[in-house]
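One letter stands for each residue in the lines below.
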Amino acid sequence: ESLDKGLEKTKESFFTKLGKAVAGKSKVDDDVLDELEEVLITSDVGVDTTIKIIQRIEERVARDKYLGVEELDKILKEEIAGLLSENNVQDLKDFTLPDVKKPYVIMVVGVNGVGKTTTIGKLSAQYKNAGYNVVLGAADTFRAAAVDQIKLWGERVGVPVIAKGMNTDPSAVAFEAVEYGVKNNADVVIIDTAGRLHNKVNLMNELTKIKRVMQKFVPEAPHDVMLVLDGSTGQNAMIQAREFTKATEVTSMAITKLDGTAKGGVVIGISEEFKIPVKYIGVGEKVDDLQVFNKAEFVDSLFN
Ligand code: GDP
């Protein structure tokens, strides 16, 4: 399975550290819990989430009196799954669009280089395969490369891309893309945006303006504001999530580049801290390397 392959490094690193942490121990005691805390933190689960997980295990130790280290895997798995279930309101099964009046509009945000364009390309392929008409809007007009890249994905996948010249007002592109989508009976319009975090007020104003113009055609738009984060940056992804959730109302997340990184634990920390559903995870550069995030499958892949 590609999820197992995508999480290979995270898994390997986690269990190597965990193995060292419990080496020579027979029961879960304060020492083991201290070590476990370090393992979780260095696996990018995040400090707050780690503390919660440790507390849950402490409660179990107190209740059951004795816990053998050989049970630690199973207990960790249960506690992480429990934590994700409490917080992740949504568990997608596939790439089916919600049942709303067409078109469903997704605005994609995130800083440059995190895999926004790639995720949009992959997502449009999945939607197209599911039988939907897709339109892309190249509203990241600050970088010529960004526009070229989304056009390339459009050609590859076979979906129209609405693009204008460099430095055009991004909201003008969003306006045209949504207009085109309405006129052509599209099922979904996906808008790429520029992710400049260095000026928060600008970012906020720009995103607000993009939203406002699209609402001229589709009052409910955007139905989804998806934040793309690069999982391989670990705690940096967490920081970006804090910044973006302050700048705009983020309604879903996609976490990319989980293949080739040992920092996959960041998905757990992000779901727990933000309580915003992680809808997709990226596990490679190819068109098929986007997966619907399912917490049970994710935890299973980490532990099995
Ligand atoms: P953007 O600037 O946010 O639009 O980022 P891009 O979509 O251009 O992606 C930046 C780089 O990351 C490209 O080389 C992509 O191929 C790569 N990339 C994107 N998603 C993934 C992923 O899930 N796994 C891997 N390994 N690479 C990815």
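Residues numbered from 1 in each chain as written. Predicted model: local features only at pLDDT ≥ 70, side-chain atom pairs only at ≥ 80, totals over all residues. Heavy atoms only, no water.

(A) Geometry of helix H3 (residues 30–42). If you check H3, its first and last C-alpha atoms are 18 Å apart, about what 13 residues at 1.5 Å a residue would give, namely 18 Å. Every buried residue of H3 is listed here: Val32, Leu33, Leu36, Val39 and Leu40. Taken end-on, H3 shows its buried residues confined to a sector of 115 degrees, consistent with a single buried face. Looking at H3, the residues exposed on the side facing more than 90 degrees away from the buried face are Asp30, Asp34 and Glu38. You can read the cap of H3 off the contacts: a side-chain oxygen lies 3.2 Å from the backbone nitrogen of Asp31, and it is on Asp29. Note on H3: the residue one or two positions beyond its end, Asp44, has a positive phi of about 70 degrees. (Helix = DSSP H or I, 4+ residues; strand = E, 2+ residues; numbered from the N terminus. Expected span 1.5 Å × (residues − 1). Buried < 20%, exposed > 50% of the residue type's maximum accessible area, 1.4 Å probe, protein only. Arc of directions from axis to C-beta. Polar contact = N/O pair within 3.5 Å; in protein donor to acceptor, adjacent residues only side chain to side chain.)

(B) The arrangement of the site of the ligand in detail. Neighbouring the ligand are 17 residues; Gly113, Thr117, Thr118, Asp259 and Glu285 lie closest to it. Thr117 places a polar side-chain atom, nitrogen or oxygen, 2.5 Å from an oxygen atom of the ligand. Within the backbone of Gly284, an N or O atom sits 3.2 Å from an oxygen atom of the ligand. Out of a free accessible area of 580 Å², the ligand has 81% covered by protein chains. Ranked by residues supplied to the shell around the ligand, first place goes to helix H6 (residues 116–129) with 4 residues. Of the residues in the shell around the ligand, the class split is 3 nonpolar, 8 polar and 6 charged. (Near = heavy atom within 4 Å. Areas by Shrake-Rupley, 256 points an atom, 1.4 Å probe, with all protein chains shown as cover. Nonpolar A, V, L, I, M, F, W, Y, C, P; charged D, E, K, R; others polar.)

(C) Summary view of the pairing of strand E7 (residues 278–282). Burial analysis of E7 places 5 of its 5 residues in the buried class, which makes it a mostly covered element. With helix H11 (residues 266–274) bridging strand E6 (residues 252–256) and its parallel neighbour E7, the resulting β-α-β unit is right-handed. Where E7 lies against strand E8 (residues 290–292), 3 bridges are found, and the strand directions are antiparallel. Bridge assignment links Ile281 to a residue of E8, and that residue is Gln291. (Right-handed = clockwise from strand over helix to strand, strands pointing away. Pairing = 2+ DSSP bridges.)

(D) Expanded view of the packing of H6 against helix H7 (residues 144–157). Where H6 meets H7, the closest approach of the two axes is 9 Å, and the angle between their N-to-C directions is 20 degrees. Between H6 and H7, the angle is such that the two are roughly parallel. Where H6 crosses over H7, the two elements pack in a sense that is right-handed. Residues Thr117, Thr118, Ile120, Gly121, Lys122, Ser124, Ala125 and Lys128 of H6 lie in contact with H7, whose contacting residues are Gln149, Ile150, Trp153 and Val157. Along the lines of polarity and charge, the residues of the contact of H6 with H7 split into 5 nonpolar, 5 polar and 2 charged. (Axes fitted to C-alpha atoms, helices over the stretch in contact; angles between N-to-C directions. Parallel < 35°, antiparallel > 145°, perpendicular 65-115°, else oblique. Left-handed = near helix turned anticlockwise from the far one by under 90°. Contact = heavy atoms within 4.5 Å.)

(E) Seen up close, helix H2 (residues 8–22). The end-to-end C-alpha separation of H2 is 21 Å, in line with the 21 Å expected for 15 residues at 1.5 Å each. Positive phi shows up at Gly24, right after H2, with a value of about 75 degrees.

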